[in-house]
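Single-letter residue listing:
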Amino acid sequence: MQEREFENAPLRFGTNLGLILEYFDMYKNDPDSVSDEMKYLFDNISTDQEGNTRQDGKQLSAAGQDKIKGILQWLNDVRQYGHLKADVYPVYAPEIDNAPDFDFNAYGFQDADLEALPASIVSEAMADKFDNALDAARYLEQVYTSPLSYEYTHINNGEEREWLQNAIESEGEVNLSEEEKLHLFKELVKTEGFEKYLHKNFVGAKRFSIEGVDSLVPMLDHLLQRMADENIPHLQIGMAHRGRLNVLTHTLQKPYAMMLSEFMSTDPMKFLPEDGSLELTNGWMGDVKYHLGGVKTRTDKGITQTVTLANNPSHLEIVGPVVQGRTRAQQDSTNQSGKAVHDTDNSLGVIIHGDAAFPGLGVNPESMNLSNLAGYTVGGALHIITNNRIGFTTEEWDARSTLYASDIAKGFDMPVFHVNADRPEYVLRVIDIAIQYRQKFKKDLVIDLIGYRRYGHNEMDEPMTTNPKLYNEVHEYPTIDNLYGDQLVEEGVLTKEDKESIMQAIQDELRAEHDKINKDDTIVTKDIKTPDEILEGQSNDQETEISRERLAKINEELLTYPEDFKPLKKLGNVLDRRKKPFEDDTALVDWAHAEALAFATINQDGTPIRFTGEDAERGTFAQRHAVLHDPETGKRHTPLHNISDSKASFELYNSPLTEMAVVAYEYGYNVENNEAMAIWEAQYGDFSNMAQAIFDVFMSSAHSKWGERTALTLLLPHAQEGQGPEHSSARLEKYLQLCAENNMTVVNLSSSANYFHILRRQAKYLNTEKMRPLVVMSPKSLLRNSTASQPVSEFVNGQFKEIIVPEYKKTKVKTVVIASGKVAVDILEAEAKNESPNDELLIIRLEQLYPFPSEAIKEVLSGLTNLSEVRFVQEEPQNQGAYHFVLPYLLDIVPSKATLNYVGRKPSASTAEGNGGSYKLVQQSIIENALK
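Residues numbered from 1 in each chain as written. Predicted model: local features only at pLDDT ≥ 70, side-chain atom pairs only at ≥ 80, totals over all residues. Heavy atoms only, no water.

**Q** How should I be thinking about helix α17 (residues 424-441) in this particular structure?
**A** Side chains of residues three or four places apart in an α-helix project in the same direction, reflecting 3.6 residues per turn. For α17, built from 18 residues, the straight-helix expectation of 26 Å at 1.5 Å per residue is met to within 8% by its first-to-last C-alpha distance of 26 Å. Along α17, 16 of the 18 residues are buried, which leaves the element largely enclosed by surrounding structure. (Helix = DSSP H or I, 4+ residues; strand = E, 2+ residues; numbered from the N terminus. Expected span 1.5 Å × (residues − 1). Buried < 20%, exposed > 50% of the residue type's maximum accessible area, 1.4 Å probe, protein only.)

**Q** How do you make sense of the environment of S910 when you look at a structure like this?
**A** Its place among the elements puts S910 in the loop between β27 (899-905) and α34 (916-931). Residue S910 is classed as partly exposed on the basis of its relative accessible area, which comes to 26%. When the C-alpha positions of S910 and S729 are compared, they lie 9.9 Å apart, and in sequence the two are 181 residues distant. If near-sequence neighbours (up to four positions away) are discounted, S910 is found in contact with P725, P877 and Q880. Within the local environment of S910, its side chain forms a polar contact with the backbone oxygen of A912, the two atoms lying 3.3 Å apart. (Contact = heavy atoms within 4.5 Å. Polar contact = N/O pair within 3.5 Å; in protein donor to acceptor, adjacent residues only side chain to side chain.)

**Q** Help me understand helix α19 (residues 480-491) in this model?
**A** Look at α19: 16 Å from first C-alpha to last across 12 residues, which is about the 16 Å you get at 1.5 Å a residue. All buried positions along α19 are accounted for by I480, D481, Y484, G485 and L488. The buried residues of α19 occupy an angular sector of 120 degrees when projected down its axis, which confines them to one face. Positioned one or two residues after α19, G492 has a phi angle of 85 degrees, which is positive. (Arc of directions from axis to C-beta.)

**Q** I keep staring at the pattern of salt bridges and nothing clicks. Help me out?
**A** Pairs can form between side chains of opposite charge once their charged atoms are near each other. Taken as a whole and judged by the stated rule, the model has 53 salt bridges. A salt bridge links D585 to R548; the nearest nitrogen and oxygen atoms lie 3.2 Å apart. Of this pair, D585 sits in the loop between α23 (569-576) and α24 (591-604) while R548 is found in helix α22 (residues 548-558), placing the two residues 37 residues apart along the sequence. You can call D585 exposed: its relative accessible area is 58%. Note on R548: relative accessible area 28%, which makes it partly exposed. Overlapping salt bridges bring together D221, R298, D300 and K301 as one network. (Salt bridge = Lys/Arg side-chain N within 4 Å of Asp/Glu carboxyl O.)

**Q** Could you clarify how one ought to interpret the environment of L198 in this entry?
**A** Assignment of secondary structure puts L198 in helix α9 (residues 178-201). L198 gets classed as buried once you look at its relative accessible area, which sits at 1%. Once residues within four sequence positions are removed from consideration, L198 is found in contact with V203, R207, L260 and F263.

**Q** Mind showing me how you'd approach the packing of aromatic side chains here?
**A** To describe a pair of aromatic rings, you give the distance between the ring centres and the angle between the ring planes. Across all of its chains, the model carries 30 aromatic pairs by this definition. On the basis of an interplanar angle of 55 degrees and a centroid distance of 6.1 Å, the ring pair of W163 and Y437 is categorised as tilted. Taken together, the residues span a long stretch of sequence, with W163 in helix α8 (residues 158-170) and Y437 in helix α17 at a distance of 274 residues. Pair check on accessibility: W163 and Y437 agree, each one buried. Members of the aromatic cluster, each reached through a chain of ring pairs, are W74, F102, F104 and F109. Seen from the ring of F263, K289 lies directly overhead, with NZ or CZ sitting 4.5 Å from the centre. (Phe/Tyr/Trp six-rings, centres within 6.5 Å; stacked < 30°, edge-to-face > 60°. Lys NZ or Arg CZ within 6 Å of the ring centre and 35° of its normal.)

Here it is in structure tokens:
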């Protein structure tokens with residue numbers, strides 16, 4: 001036990017002198033009972049009362065104890081705090097309070113004490129490299145205070161700490177061959193030369209240049225080579241706008257002419273490579289050039305690799321979980337039943353952060369929290385902070401409460417590597433260690449690439465007005481192509497003429513590409529058209545025949561359990577009720593039952609399903625029970641894995657209690673795998689508010705901006721049920737406000753069969769030009785409501801209905817009530833209590849709110865010869881819900897002979913009443929006014 005504790009102590013030896021003394025007691029009894037390094041230590045440090053060295057090990061004086069403690073403390077401190085004295089700042093080095101002094105005297109020992117000890121005392125990795133501990137210690141200090149420094153002693157796992165220590169200390173000096181140095185120089189020249197050309201030829205144009213962290217580009221190039229060595233074929237990159245154009249141009253090898261044409265507002269697609277190796281994203285509306293991404297197929301590293309740069313708006317860090325989702329989608333094989341087969345070596349995610357944004361934006365800790373969760377892990381992502389030491393105009397001391405921008409990552413047990421961006425050979429070294437660590441431990445890690453920003457936030461800003469001390473240094477500091485080029489000239493790798501020739505060649509190449517562009521070939525226009533296939537929308541035709549026999553067999557399999565599995569008896573009885581609709585035509589299929597049947601048929605049709613959400617396995621309202629537990633053994637059983645003829649995977653995960661990162665992840669997953677049905681369920685609909693940016697800047701507009709398609713499905717519990725303001729509304733109005741150009745489908749359903757059919761329709765259009773997100777105002781009380789439940793016949797013979805209209809007599813109807821979701825069911829149930837049906841009243845259940853079914857409603861209204869009034873009824877306050885969205889449509893289709901009236905709650909700042917009794921009175925008033 002003692003050995004185990006020693007090996008897993010957070011520090012190599014720890015600072016607990018008592019433990020060392022216990023080893024000394026063992027040593028006194030039997031010198032061979034301790035490790036060789038301990039034996040050497042005690043042999044050489046043991047002293048007698050006069051301070052003379054003893055070799056018999058009979059006693060360890062107070063002076064000897066202090067000396068041992070000092071040596072071990074020095075070794076610990078160098079490893080733990082060496083980064084505080086490291087050469088990682090190209091310019092504007094901060095003053096670090098309480099930085100350690102690694103002078104031996106301060107620790108109570110001398111050079112001679114270490115000279116008498118073997119190098120293995122310092123590090124086993126140095127045993128054969130140095131003659132004594134003194135040389136090894138000097139080298140150790142150099143390693144941990146070099147332009148590449150490390151933070152890893154905080155990691156809980158002893159094996160990881162030991163591996164990192166050995167990897168760091170055994171690597172030796174950074175020593176590239178002349179060929180490698182020349183390649184690195186040319187990569188830096190391309191990177192910096194591109195920025196210089198843009199700065200000179202497009203004065204004042206925004207580009208958010210990479211200058212100051214230029215070594216990011218050769219870093220990514222080196223990463224691709226290391227990935228090829230590990231046979232990893234896919235790289236997913238997410239980054240904000242700074243440096244994006246350079247990464248597109250050099251990592252994704254976007255031709256210079258394409259990029260330059262975008263600055264000139266001419267057609268870049270004329271310069272797309274003819275071999276089809278580059279796919280660029282662009283929609284009919286387009287976006288600014290520094291938000292766009294692309295996909296490149298490369299073969300120059302020895303294997304075929306795809307490099308994807310995800311599209312990203314100005315929401316900076318929000319792309320991180322999107323990239324994680326895309327990476328997971330590439331890692332998952334979904335074309336078999338049961339769970340997806342997950343291969344973390346099929347894709348690597350790299351998320352490039354800003355130094356102000358990484359600690360500042362909450363989506364980052366949300367995303368890092370996903371890193372080791374079963375449903376979200378990608379086997380280790382690389383987080384690279386392009387640290388230019390400033391956020392817009394805000395300096396570090398105003399931007400965060402921590403020393404480093406990377407410090408929040410340590411709370412997630414990730415190693416952190418700090419590297420000087422202007423020491424590019426060390427930048428390549430950190431990739432070597434990082435990829436080895438990722439492959440060994442399958443965990444995220446952080447590389448803090450510390451540099452600067454040569455210009456203002458954008459190239460029109462004057463940073464001297466707000467940050468003069470920083471920019472006084474930057475203005476005097478050489479660019480990296482000159483800095484590294486001069487180093488190679490001094491080393492004799494290049495001549496000065498060679499250096500200048502290489503640098504000029506890039507400028508000449510850019511000028512030649514620039515000259516290919518016809519500046520009159522403008523794409524500037526006011527006539528922006530939505531593609532016809534987008535405007536056509538989706539049809540409601542039944543996509544495949546669903547027989548009663550097929551559903552009956554599925555139902556039987558859902559309720560058949562393995563021999564060694566027994567569900568909770570009470571729950572088993574509840575689930576057994578799902579047999580009745582297939583035994584009795586009057587029995588009904590409720591909401592969760594309909595969902596399970598839909599999922600099973602979708603899997604049988606060959607479409608994989610990925611379903612996540614807070615408490616999604618059971619269902620927030622104890623309705624789904626898609627994953628069952630044996631109360632005796634704890635075994636889990638997923639009934640949907642038991643479906644015969646299933647051709648695709650079904651995965652269901654309880655998500656962590658977070659919305660932004662999880663929804664972004666599912667969005668990314670579906671973007672990368674258009675053939676998969678990705679579903680996210682909010683615990684309550686209003687929880688989705690925390691992910692609003694995903695809906696605003698990705699889900700609703702990505703297709704029109706970037707040509708990026710998704711069919712993400714959202715299930716958002718929504719309805720007034722007396723539960724107060726926070727659990728009443730999924731904010732239906734916000735989604736409807738985002739609707740245009742057939743960009744999504746928004747429904748508020750009142751029928752379990754309609755839910756079954758909308759899910760199947762959603763699956764039908766996956767991986768087509770007509771795929772689109774689906775927003776379902778999901779029910780709560782309707783989950784078990786008999787009016788909302790339907791017989792099997794509605795599943796076999798039906799199809800999705802945009803509106804549900806009962807039988808009616810055209811000449812009798814005078815009043816039409818239009819309502820959606822739960823309030824429509826409330827109205828139906830109230831009307832059913834009347835002793836005789838009211839032929840003058842027709843209730844239309846508006847199931848699909850967008851695209852609004854104008855023609856279907858108009859067809860009904862136009863046939864009502866005695867129509868005098870149309871009432872739109874909702875339970876949300878008048879300024880919320882669907883009313884203001886549907887009003888223009890209704891004004892257009894309601895016959896002039898009829899009046900159009902609103903029935904519902906008055907305008908309100910809150911979504912609902914806080915008192916349950918008040919809710920009942922208000923709700924009853926709405927129902928009465930709807931039916932009067």
